[in-house]
Amino acid sequence: MTQFPQSFPATRMRRLRQSPWIRGLVAENTLTPADLVWAIFVHDGEGRVPVGSLPGIDRLSVKEAALTAKRASELGIPAIALFPYIGPEGKDETGSGALNPDGLVPRALRAMKEAAPEIGLITDVALDAYTTHGHDGLLDADGTIPNDATVEKLVQQALAHAAAGADIVAPSDMMDGRIGAIRQAFDDEGFTNMMILAYAAKYASGFYGPYRDAIGSAKSLKGDKKTYQQDPANSEEALREVALDLAEGADMVMVKPGLPYLDIVHRVSTTFGVPTLAYQVSGEYAQIKAAAMNGWIDGDRVMMESLMCFKRAGASGIITYFAEEAADKLG
Ligand SMILES: NCc1[nH]cc(CCC(=O)O)c1CC(=O)O
Ligand SMILES: [Mg+2]
């Protein structure tokens, strides 16, 4: 522990806070558009469709997604994470739509790559958007989510994304062993340079509410995800999860949700020293927007403060629905 021999009045901490230039000079952390990953929703229809529980966020057609990739490039945002809205007609019991090499996500990937090849594209590997029951995996008759059978599906989904031009796949399902299985399949198929961002420490959280609305799984979700996502009471467990995913071949790890879990972000980044991303999830975005719309907080200020806090905690980057707004302000 550092020693602090200073004492008042020789030391006055307020000297370094007296004007913007000195505050800027001594700032310990910075936030730039390069820290942001823009989370977007894509749909199979035309144009943009607002998501009621995420004010300012629309589901985007493939065409709009391509324009968004160009916009990201203009704003200096390095990467986009895309999440599909799949209507009832595209869902089934086993989530077979997730494996379709010409499905919505592969088509969006191709269009976005063509529009802005300089932007990194990150896909969500999980079955929840595609299953009638809304779980990230398969669902057995007795209500269990079978681990190993689910992993086989996820491998196929990840391969479809890689073939369509994804730069990073991000398995968000929390099955055991899926990172190793995906890495093995990538190596077998020649996708040696595919990056894997593991949602290593993902908690069973109430903060995902608006997202499930956005991808069309809110109404269909049977039960909860507590048998595969982590218990919010635990942090040692998060370190074990991260260690396993790194050993299995993850290049980067993610902690999710974000703000309420900054202690986990900090512990992971200091313990492992690997790129650690944090996901400012839908419920966090919605809280800030709702309070701002009521005039209870200054929305812009709280947006920027929340993003800076991720950096201070040790995040290498932040997946956020605020990416466009924040990058615009920072630009
Ligand atoms: N594969 C599921 C997935 N991927 C990203 C989110 C949540 C993101 C958010 O709330 O913004 C979820 C939701 C869940 O686990 O139920
Ligand atoms: Mg795990």
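Predicted model only: the values in this text are computed from it and were never measured.

What counts, and at which threshold
Residues numbered from 1 in each chain as written. Chains lettered and ligands numbered in written order. Predicted model: local features only at pLDDT ≥ 70, side-chain atom pairs only at ≥ 80, totals over all residues. UniProt positions renumbered as here; feature names shortened; annotations may be inferred. Helix = DSSP H or I, 4+ residues; strand = E, 2+ residues; numbered from the N terminus. Buried ≥ 20, exposed ≤ 12 C-beta atoms within 10 Å, placed from the backbone. Contact = placed C-beta atoms within 7 Å. Pairing = 2+ DSSP bridges. Right-handed = clockwise from strand over helix to strand, strands pointing away. Axes fitted to C-alpha atoms, helices over the stretch in contact; angles between N-to-C directions. Parallel < 35°, antiparallel > 145°, perpendicular 65-115°, else oblique. Nonpolar A, V, L, I, M, F, W, Y, C, P; charged D, E, K, R; others polar. pLDDT = per-residue confidence, 0-100. Near = placed C-beta within 6 Å. Core = buried A, V, L, I, M, F, W, Y, C linked by C-beta atoms within 7 Å.

**Considerations on the UniProt feature "active site" (unreviewed entry) in the protein**
Part 1: Per the UniProt annotation, the sites labelled "active site" (unreviewed entry) are Lys 202 and Lys 256. Over a stretch of 55 residues, the named residues converge on one spot in the fold, their C-alpha atoms separated by at most 4.9 Å.
Part 2: One can find Lys 202 in strand β7 (residues 195-202).
Part 3: You can call Lys 202 buried: it has 27 C-beta atoms within 10 Å.
Part 4: Beyond its immediate stretch of four places on either side in the chain, Lys 202 contacts Ser 172, Met 174, Gln 229, Gln 230 and Lys 256.
Part 5: Relative to the helices and strands, Lys 256 is located in strand β8 (residues 252-256).
Part 6: The class of Lys 256 is buried, set by 24 C-beta atoms lying within 10 Å.

**So, the pairing of β8**
Part 1: With respect to burial, β8 is a largely interior element, five of its five residues being buried.
Part 2: Because side chains alternate across β8, one face comprises the buried residues Met 252, Met 254 and Lys 256, and the other comprises Val 253 and Val 255, equally buried.
Part 3: Here β7 pairs with β8 via five bridges, running parallel. When the sheet's bridge partners are listed, Tyr 199 is paired in β8 with Met 254.
Part 4: Sheet analysis places β8 next to strand β9 (residues 276-280), joined by three bridges and oriented parallel. By the bridge assignment for β9, Val 253 is matched with Thr 276.
Part 5: This β-α-β element, β8 to helix α8 (residues 262-272) to β9, shows right-handed connectivity.

**Regarding the packing of helix α10 (residues 299-313) against helix α11 (residues 323-330)**
In a packed pair of helices, the relevant descriptors are the angle between the two axes and the axis-to-axis distance.
Part 1: Contact geometry for α10 and α11: axes closest at 11 Å, N-to-C directions at 95 degrees. In terms of orientation, α10 and α11 fall into the roughly perpendicular class. The segment α10 lies against α11, with Asp 300, Met 303, Met 304 and Leu 307 engaging Glu 325, Ala 326 and Lys 329.
Part 2: Residues of the contact of α10 with α11, tallied by class, amount to four nonpolar, no polar and three charged.

**Thoughts on the UniProt feature "binding site: Mg(2+)" (unreviewed entry) in the protein**
Part 1: In this numbering, the UniProt entry assigns the feature "binding site: Mg(2+)" (unreviewed entry) to Glu 241.
Part 2: With respect to the element layout, Glu 241 can be found in helix α7 (residues 236-247).
Part 3: Taking the C-beta count within 10 Å as the criterion, Glu 241 has 23 such neighbours and is therefore assigned buried.
Part 4: With sequence-adjacent residues up to four places away left out, Glu 241 is seen in contact with Ala 200 and Ala 201.

**Observations concerning the confidence of the model for the protein**
Part 1: Of all residues in the protein, 100% attain a pLDDT of 70 or more, and the chain-wide mean is 96.
Part 2: On the interface metric, ipTM, the complex scores 0.97, and its pTM is 0.97.

**With respect to the site of ligand 1**
Part 1: Neighbouring ligand 1 are the residues Asp 124, Ala 126, Asp 128, Asp 136, Ser 172, Tyr 208, Tyr 211, Arg 212, Lys 225, Val 281 and Ser 282.
Part 2: Among the residues forming the shell around ligand 1, the class breakdown is four nonpolar, two polar and five charged.

**Comments concerning the environment of Leu 16**
Part 1: Tracing the backbone through its elements, the reader meets Leu 16 in the segment before α1 (20-26).
Part 2: For Leu 16, a count of 11 C-beta atoms within 10 Å corresponds to the exposed category.
Part 3: Along the primary structure Leu 16 and Val 255 are separated by 239 residues, whereas in three dimensions their C-alpha atoms are 33 Å apart.
Part 4: Excluding anything up to four places from it in sequence, Leu 16 contacts Ile 22 and Val 26.

**A word on the environment of Tyr 279**
Part 1: Relative to the helices and strands, Tyr 279 is located in strand β9.
Part 2: Residue Tyr 279 is classed as buried on the basis of its 28 C-beta neighbours within 10 Å.
Part 3: As a C-alpha pair, Tyr 279 and Tyr 321 span 42 residues in sequence and 9.5 Å in three-dimensional space.
Part 4: Those residues in contact with Tyr 279 that lie beyond four places of it in its chain are Met 254, Lys 256, Pro 257, Gly 258 and Ile 319.

**Notes on the nonpolar core**
Part 1: Ranked by internal contacts, the top residues of the largest apolar core, which has 98 residues, are Val 37, Ile 80, Ala 81, Leu 82, Met 112 and Met 254.
Part 2: Those residues within four positions of Ile 80 in sequence are excluded, and the remaining contacts are Trp 38, Ile 40, Thr 68, Ala 69, Ala 72, Met 112, Ile 119, Leu 121 and Ile 122.

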